[in-house]
Amino acid sequence: MSTSPWDHLLLEATLATFVGDEPYGLIADGAIALSNGHIAWVGHRSELPPDAVDRAAKVERLGGALVTPGLIDCHTHLVFGGHRAHEFDLRLNGASYEAIAHAGGGIVSTVKATRAASEDELLAQSLPRARALLADGVTTLEIKSGYGLELESERRMLRVARRIGETLGITVRTTFLGLHALPPEYKERRDAYVALVCEQMLPALAAEGLVDAVDAFCENIGFTHEETRRVFDCAKALGLPVKLHAEQLSDLDGSALVAEYDGLSADHLEYLSDTGIRAMAAKGTVAVLLPGAFYALRETKLPPIAGLREHGTAMAIATDCNPGTSPLLSLRMAAGMACTLFRLTPEEALRGITVNAARALGMHDRGTLAIGQHADLVVWRVGTPAELCYWIGGELVRAVYRAGRPVSID
Ligand code: DI6
Ligand code: FE
């Protein structure tokens, strides 16, 4: 038996490990040891090595508190300038999201505000949103570009995303979303914009180490299959994984396209068809569900949960935090919405913001409590996993650890 020292031993924990066949991978009266930023031991107290307490530099008794992996928000657009509360108002006065987009509002209005903001201003505006997610337990966060739509502004967004990770001490994965909307200056020149994205923006930003994955908005008000394919081909040539906004407002069969490219995930999926489900299942594409957008748009078409279950497709849940369709600043709230609106079980929803969200980011070193995993974890003020989905609001986080160290959530 190895006797290497542990930095921290947590005892009297209710562990939701998301490993094994038990619901939630639950271990009541569990213990977890952290060493060098990783999980060194996890299991039931009765199985702890006899010298466990002596081995640990610090021992803490949690009195039955729930411990989960650090939460993972695998789909956000949280770096942007301004906000769109006025469109919220317009929608409440009868305008549709598509009508607002066609009239020059929507994504394009956030593009104007984002282009006008300096890097420091963008950081100052975006950091509180990331801080809110962290305060609710998020330790790994995906952030997309897509409100710059020209090289310099896209670069600024991605740099701000990286700076958010450094400032808060959490992991940030960046996604290039050049094909988010057609910039106004390219209105009659779609091809030229797609060429710019593929031939200049993506290669330049990838060379600067600012891009971990590539996404596109495949939609009637977004980009076609062929345009998406062009950017996916470039991503592939650069060795970058792809994912897709698919089947959010209509069924363009984007899910089959992203599956064809061995993509990480297809996201939104309210209009996903049986064909799409089968294509995703064949490739193990993760289904990322975004109930915040469903809620804010008052969508009524539900994603086909029964079909996804039937095919054993991994389902992840994310906030989609963005100024237009999902100004949502709590991943735990997204999980609760997935239960109430989409009828996911609390276990499915919690797997969706831990283990399956890690899969959606292609990160297999987190999202579960298991030996060797990153010591990213949350100690909660509750003792039952379902409570994380059940309580609406409230400050349920007691402590957050990232790579074994406490993170400040103030
Ligand atoms: N789908 C969405 O829900 C967001 N982007 C996208 O492609 C909306 C972004 C916005 O309205 O600003
Ligand atoms: Fe989105």
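What you are looking at is a predicted structure, and each value in this text was computed from that prediction instead of being measured. (Residues numbered from 1 in each chain as written. Chains lettered and ligands numbered in written order. Predicted model: local features only at pLDDT ≥ 70, side-chain atom pairs only at ≥ 80, totals over all residues. Heavy atoms only, no water.)

A. Layout of the overall build of the chain. Scanning the chain from terminus to terminus reveals 16 helices and 16 strands. In summary, the chain has a C-alpha radius of gyration of 21 Å against a globular reference of 22 Å for 410 residues, a match within 12%. When the backbone C-alpha atoms are referred to their principal axes, the chain occupies close to 70 × 45 × 45 Å. Counting over 410 residues, the chain shows a buried share of 58%. Look at the contacts in the chain between residues 6 or more apart in sequence, and 70% of them connect residues 24 or more apart. Of the roughly 16,000 Å² that the chain leaves accessible, carbon and sulfur atoms contribute 53%. Once the 38 positive and 51 negative side-chain charges of the chain are each reduced to a mean point, those two points are 2 Å apart. (Helix = DSSP H or I, 4+ residues; strand = E, 2+ residues; numbered from the N terminus. Rg over C-alpha atoms; globule rule 2.2 N^0.38 Å. Buried < 20%, exposed > 50% of the residue type's maximum accessible area, 1.4 Å probe, protein only. Contact = heavy atoms within 4.5 Å. Areas by Shrake-Rupley, 256 points an atom, 1.4 Å probe, with all protein chains shown as cover. Lys, Arg positive; Asp, Glu negative; His and termini not counted. Charge placed at Lys NZ, Arg CZ, Asp CG, Glu CD.)

B. Here's a closer look at the coordination of the iron ion (ligand 2). At the metal site, the iron ion (ligand 2) is ligated by His-75 (NE2), His-77 (NE2), His-245 (NE2) and Asp-320 (OD), and these contacts range over 2.1 to 2.3 Å. Coordination at the iron ion (ligand 2) is irregular, judged from the four donor atoms that bind it and the angles of 82 to 170 degrees they form at the metal. (Donors = N, O, S within 2.8 Å, 3.2 Å for Na, K, Ca; no water. Tetrahedral: all angles 85-135°; square planar, octahedral: opposite > 155°, others 65-115°.)

C. Inspection of the site of ligand 1 at higher detail. In the vicinity of ligand 1 there are 14 residues, among which Arg-84, Tyr-97, Tyr-147, His-180 and Thr-325 approach most closely. One nitrogen or oxygen atom from the side chain of Tyr-147 is found 2.6 Å from an oxygen atom belonging to ligand 1. One of the side-chain N or O atoms of Gln-248 is found 3.1 Å from a nitrogen atom in ligand 1. For ligand 1, the cavity whose grid points lie within 2 Å of the majority of its atoms is the largest cavity. (Near = heavy atom within 4 Å. Polar contact = N/O pair within 3.5 Å; in protein donor to acceptor, adjacent residues only side chain to side chain. 1 Å grid on protein atoms, 1.4 Å probe; cavity = no way out; pocket = protein on both sides within 12 Å on 5 of 7 lines; lining within 4 Å. Sits in = over half its atoms within 2 Å of the grid points.)

D. Quick peek at the sheet that holds strand β12 (residues 286-289). Read from one edge of the open sheet, four strands run β10-β11-β12-β13, paired in parallel fashion. The sheet is open, and its two edges are formed by β10 (244-246) and β13 (315-317), each paired on a single side. The sheet shows a mean angle of 30 degrees between the axes of neighbouring strands, direction not considered. Taken together, the three bridges between strand β11 (residues 265-268) and β12 define a ladder with parallel strand orientation. The residue bridging Ser-265 from the neighbouring strand is Val-286, located in β12. (Pairing = 2+ DSSP bridges. Axes fitted to C-alpha atoms, helices over the stretch in contact; angles between N-to-C directions.)

E. Local environment of the layout of surface pockets. The space that makes up the largest pocket amounts to roughly 460 Å³. Around the largest pocket sit 20 residues that line it, and Ala-101, His-102, Val-108, Leu-182 and Ile-221 are the ones nearest its centre. Only α3 (97-102) and α4 (107-116) provide two or more residues apiece to the lining of the largest pocket. The dominant element in the lining of the largest pocket, judged by the number of residues it contributes, is α3, at four residues. Grouping the amino acids of the lining of the largest pocket by side-chain chemistry returns ten nonpolar, six polar and four charged. (Points joined across faces, edges and corners; volume = space filled by probe spheres on them. Nonpolar A, V, L, I, M, F, W, Y, C, P; charged D, E, K, R; others polar.)

F. Inspection of empty space enclosed by the protein at higher detail. One pass over the structure, following the stated rule, counts one cavity of 30 Å³ or more. Its boundaries defined by the atoms lining it, the largest cavity holds a volume of some 110 Å³. Lining the largest cavity are 14 residues, with Tyr-97, Ile-107, His-180, Asn-322 and Thr-325 sitting closest to its centre. Tallied by class, the residues present in the lining of the largest cavity amount to four nonpolar, eight polar and two charged.

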